[in-house]
Each structure stands twice: as structure tokens, then as C-alpha cells.
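Take a look at the letters that make up each chain.
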Amino acid sequence: MTIPSAPSNQEYLDISTLETWLWDAACVIRGTTDAPKFKDFILPLIFYKRLSDVFDDEFAQQVEIFGDEATARTIIEADHEDALKTERSPIVRFYIPQKYSWQELRNHPADEHLGEFVTEAMREVARLNPQLAGVIDVEDFNQRQSGQRTLDDDRLEALIEVISQHRLGLQNTEPDILGRAYEYLLRKFAEGQGQSAGEFYTPKEVGWLMAKLINPESYTTIYDPTCGSGGLLIKPLLLFEQMYPDKKSQAPQIYGQELTPTTYAMAKMNAILHDFIGADVRIGDTFRNPRFVADDSSLQRFDYVLANPMWNQKEYDENFYTNDRWKRFSYGEAPNSSADWAWVQHILASLKETGRAAIVLDTGAVSRGSGTKQNNREREIRKRFVEADLIEGVILLPENLFYNTGAPGIILLLNRCKPIERKEQILLINLSNYFEKGTPKNVLTDKGIDAVTEVYQAWESREKLSNIITLEDAQKTDYNLSPSQFVDVGDKIEHRPVYEILTDLTDARIAREKADKKLKDVLTRLGLNEERFQ
């Protein structure tokens, strides 16, 4: 086929153009592969295009410095090799050999070897750039199922051609814009995947709300033990850069752990596309093998934790909690039916003495077991957290926001060191009315995000939104912290006095009798009285 000319280096992409283009690219292979799979092909290709275009820009800068391409390439290769040995930063972000540039991928024919070549290119680039190991070398573009290519060469060639329509170099778009477009694509994939999407994607509006509640300070650390595609780590950094554009060097450091290899790769790509290259994302089971540890007996601690762990996990039993080498579950062992409060305890153990956390949980996590005479492990753990004054707030979210459930969910706020004026108090917020109907999911509104941020910062009770309760109030409800029982958001029904209703009925009867008499008089004058028609 004839390869069209490359897009202009002067092209500048806005967020709308990027989103439309990326979705068009996704649609090229939509229907040819299962929905859960096609994101595994398109996301690495978009990421690879960005890496290659940025390398081309940095290479051009070196050509200007050293006078010709051959010299610049020799110096870049030597510098990259030395940087790897000495563990210093190289003069280019990521090194892309000429034979594996995006242009070479684009020019490769669909001759039954294109998938093989793309896979080879990504694996070699990952080998040369260890930061990309496990990120772009995971997918096999030549993979087969039942003897058939999952993505045949013709479709792959068409996909590469659509992605080639725009440059993604340093001058073509801001990292944040590209990162936002990438998150847009994640959301679109999530909509297509239904319940399974909850494993990698938290609605961005919920992420922004959590970021604003945390509102990180300079030189701090943020951790997500179940980071998915990294959205809950990215948003506090974006918020910091918006609030302090001149202090990017003081931005918080982000740390995340993810269980699934493909989702771990998505988180790494997300961070790099946002230009947060220093993000420390590791793979593994956080409960069984936490990767951020201080020593053999304690976890690394952070200033903030944001997390949306899988709700009501059943994989962990009493034996696991009892034999935990990190001593994380000192407030009680979670029941086999739900690990929600085990995650809360892991997060508490990962917080510094002044640390704060925002955790998305199932709504039942703040009410299960209360009001019953039977012993309930979750209620007992919740009681101990309340009595230790660790819970700062609970926010009830609108229903049908999340991709893995129609249930509303809550955000649990922890604070290891509450300000004096908030001691022995808990802020309960009922946000259930702050949403817009969406397809397939509802969307938390900006008005809702602003309202929560305001009452949290002002620490105030507001009609139909929030209520500050004391620890004694929590004790009276048997440690049921569900905001809906403390904050009524319904419209009150006002009853009119009976005498007013009777007066109105009498007036209506008199008016009807007068109208009947007038009608009868008219009919009589016209000779059309009632008797004539009987």
C-alpha cells in the first residue's frame, strides 16, 4: 500500500482532537477481538508512538548540537549504554533504535510477519530501556487462538495507519493533555467491558474528589496499594501542579502496587504519558507480598493513601490474618466474606503518624453488623477505629457510578492526627443526589465535588448534605456510620392545616353552584331546559 506523508511537526493537538482520534483508532479493531482484549493492543501501540516521536524530537536536538545524524546517533547510543551502567539519567528519555522506529513499523508490509515484527520491536526497546520492562513487552501481537491470529496483519496495519495520523512529540501536545486523552480511552474501554472494568478503572470524578480531599503538600508521598491503571495516583499530582505551577520540583512522589500484569503495564504507561517518569509502580499481591517495606517487620509509610480495593474479597481467611508477618491486623481479623476492613488496616499500617487516607469501599462496610446482638467482626473493627478516633469522615456516593457494580459505594476518610477542633468528631456526607444520569453509568457532578470539598474544609454541617457527629452519637447507633441515617436528603412533605383545606372546598362548592345556576338560566332562555331532553 502507499504510505501517506507523515503528519507535520508543527501540528498541535487539543484534548478534543486527541480523544476523537484515539477512539477512532480503537474502533478499527473493535469487533475483531473481544472487548477485554483490544485495549491490550491499542494502548501499547499509542504508548510506543509517543516514545518514538519523543525520541525523534530529542534526536533532532542532538543533530543540531553535533552537526549531523551519524554523529548524533553514535553519541546517543554511547551515552545510553553508559547511563545504564552508571545508573544516571541519559540525554534522551528512552532510546529507540532506528530499525524499530515508528516509521519502520508503519512501513512494514502486512505480509503475515507484521505482528511478529511489532512484538520484536517492543521487546527490544524494553530490553534497552529497563524502565519499560513489563510495560510494552507484555503483549504478543502475533498471538493465536484456536489457530487464528487474534489480530490479523490487515487489521494491525490499519490500526497502525490510524495511529500514524498525528504526531505525539514534545511540541505536539502537553504530557497532561495526552495523559488525559489516555484516561478518556481507559474510560471508554471500561464502558465496553462492564463489570470487569472495575479492576482497573475508578471513575475519574471520584478520583478528583479524593485528590481534592487529600490536597497533597510539597515533598510528600502518595501510595495506592491497589493502583489499577494509576488514576488515583495521577490526579493528586495534577492537582498539585494546578495549584502550584511554579513548584513542580516539589511535587509529591507517587507509589503504587498492582496485582495484574496488564493493568500494571497500563499504570506505568499512564504515569509516563503524564510525564511522571519517577512514579514507582510495582507488581504483586499487596496482601501476601507487599512490595513497599521498611524492613523485615514493618511496611514503608506514606503521607497519603488513596485506594479503591476490590470490594468484599473472599480470598483471605483467619489463618492468613493470624500469621501476618507485618502485624497489620491488630484491630481485628476481617471475616472470610469480606476483606474490606483488612484493606483499611493495611492502609492504616502504611500511613505515617500524621498521614491521611481516602478509601473507596462497599456501602455496607460502614454499617454491617450494627444493631444486631450477634458478634460481628466488621462491627468490632469499626468500633475500635471509632474509639481510636481514626475515622475522620464517610461520604456516601451516588448509585451506579462504578463499572463493577450498581451499588453507590462510600469514601472512608482516615486521619491519624486529627486537628484539635475535629477530635472525637466524624463528618458524614450524603452525596447521593449529586449525579447526572449517564449511559451506561451515572456521573458524579462538579457541583457535588465542590460541595464535599467545601464542607470538609470548613468542617460544617449543611442541610441535606452533611452532619458532624460525635463519638457518642456513633456509639448510640452501634457504630453504624452510614451517612444516609444522619443526613436526610429527601424533600419534606408539608401538610396544610385542615381548616384551610375545608375553606377551599367550601369556596369551590359555592363557585360550582353559581356556575350551574348561570348555565341553567342560559339554557332556559334558549328554550333548552333540562325537561326537553328527558
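What you are looking at is a predicted structure, and each value in this text was computed from that prediction instead of being measured. (Residues numbered from 1 in each chain as written. Predicted model: local features only at pLDDT ≥ 70, side-chain atom pairs only at ≥ 80, totals over all residues. Heavy atoms only, no water.)

Colleague: What should I look at first to understand the nonpolar core in this one?
Modeller: Where a protein is soluble and globular, its nonpolar side chains tend to be buried together. Formed by 63 residues in total, the largest nonpolar core has its most connected members in Leu45, Tyr48 and Ile136. When residues of this core are traced back to their parent elements, those giving at least two are helix H1 (15-29), helix H2 (35-66), helix H3 (69-86), helix H4 (102-107), helix H5 (114-128), helix H6 (153-163), helix H7 (175-193) and helix H10 (261-273). The contacts of isoleucine 136, once residues within four sequence positions are left out, are Phe47, Tyr48, Leu51, Met122, Val125 and Ala126. Of all hydrophobic cores here, the second largest spans 44 residues; its members include Val206, Ile222, Phe402 and Ile411. (Core = buried A, V, L, I, M, F, W, Y, C linked by side-chain atoms within 4.5 Å. Buried < 20%, exposed > 50% of the residue type's maximum accessible area, 1.4 Å probe, protein only. Helix = DSSP H or I, 4+ residues; strand = E, 2+ residues; numbered from the N terminus. Contact = heavy atoms within 4.5 Å.)

Colleague: Looking at this structure, how should I read the pattern of salt bridges?
Modeller: It is possible for side chains of opposite charge to pair when their charged atoms get near one another. According to the stated counting rule, one finds 31 salt bridges in the structure shown. The salt bridge involving arginine 93 is made with glutamate 58; its shortest N-O contact spans 2.6 Å. A residue pair is termed long-range when its members are at least 10 positions apart, and arginine 93 in the loop between H3 and H4 and glutamate 58 in helix H2 qualify at 35 residues. With a relative accessible area of 34%, arginine 93 lands in the partly exposed category. The exposure class assigned to glutamate 58 is buried, which follows from its relative accessible area of 6%. Here the salt bridges share partners, and the residues they tie into one network are Asp340, Asp362, Arg368 and Glu378. (Salt bridge = Lys/Arg side-chain N within 4 Å of Asp/Glu carboxyl O.)

Colleague: Would you mind going over the packing of aromatic side chains with me for this structure?
Modeller: The geometry of an aromatic ring pair comes down to the distance between the two centres and the angle between the two planes. Tallying each qualifying case throughout the model produces 21 aromatic pairs. Aromatic side chains phenylalanine 55 and tyrosine 95 sit 5.8 Å apart centroid to centroid with 75° between the ring planes, which places their arrangement in the edge-to-face category. Taken as a pair, phenylalanine 55 in helix H2 and tyrosine 95 in the loop between H3 and H4 lie far apart in primary sequence, 40 residues in all. Each member of the pair, phenylalanine 55 as well as tyrosine 95, is classed as buried. Note on tyrosine 223 and phenylalanine 292: the rings are 5.8 Å apart at their centroids and 70° apart in plane angle, and the pair reads as edge-to-face. Separated by 69 residues along the polypeptide, tyrosine 223 in strand E3 (residues 221-224) and phenylalanine 292 in the loop between strand E5 (280-283) and strand E6 (302-307) bring together distant segments of the chain. Here the two residues tyrosine 223 and phenylalanine 292 agree in accessibility, since each one is buried. Through a chain of ring-to-ring contacts, the aromatic side chains of Phe287, Tyr316, Phe320, Tyr321, Phe329 and Trp343 assemble into a single cluster. Over the aromatic face of phenylalanine 59 sits the side chain of arginine 73, whose NZ or CZ is 4.3 Å from the ring centroid. (Phe/Tyr/Trp six-rings, centres within 6.5 Å; stacked < 30°, edge-to-face > 60°. Lys NZ or Arg CZ within 6 Å of the ring centre and 35° of its normal.)

Colleague: Would you mind showing me how to read the packing of helix H8 (residues 204-214) against helix H14 (residues 446-458) here?
Modeller: In a pair of packed helices, the angle between the axes and the distance between the axes together describe the arrangement. Relative orientation of the contacting elements H8 and H14 amounts to 20°, with a least axis distance of 10 Å. Here H8 lies roughly parallel to H14, going by the angle between them. You can see that H8 and H14 cross each other, and the crossing is right-handed. In this structure, H8 uses Glu205, Leu209, Lys212 and Leu213 to contact H14, whose residues at the interface are Ile449, Asp450, Val452, Thr453 and Tyr456. Residue composition of the contact of H8 with H14, grouped by class: five nonpolar, one polar and three charged. (Axes fitted to C-alpha atoms, helices over the stretch in contact; angles between N-to-C directions. Parallel < 35°, antiparallel > 145°, perpendicular 65-115°, else oblique. Left-handed = near helix turned anticlockwise from the far one by under 90°. Nonpolar A, V, L, I, M, F, W, Y, C, P; charged D, E, K, R; others polar.)

That is the geometry; function is a separate question.
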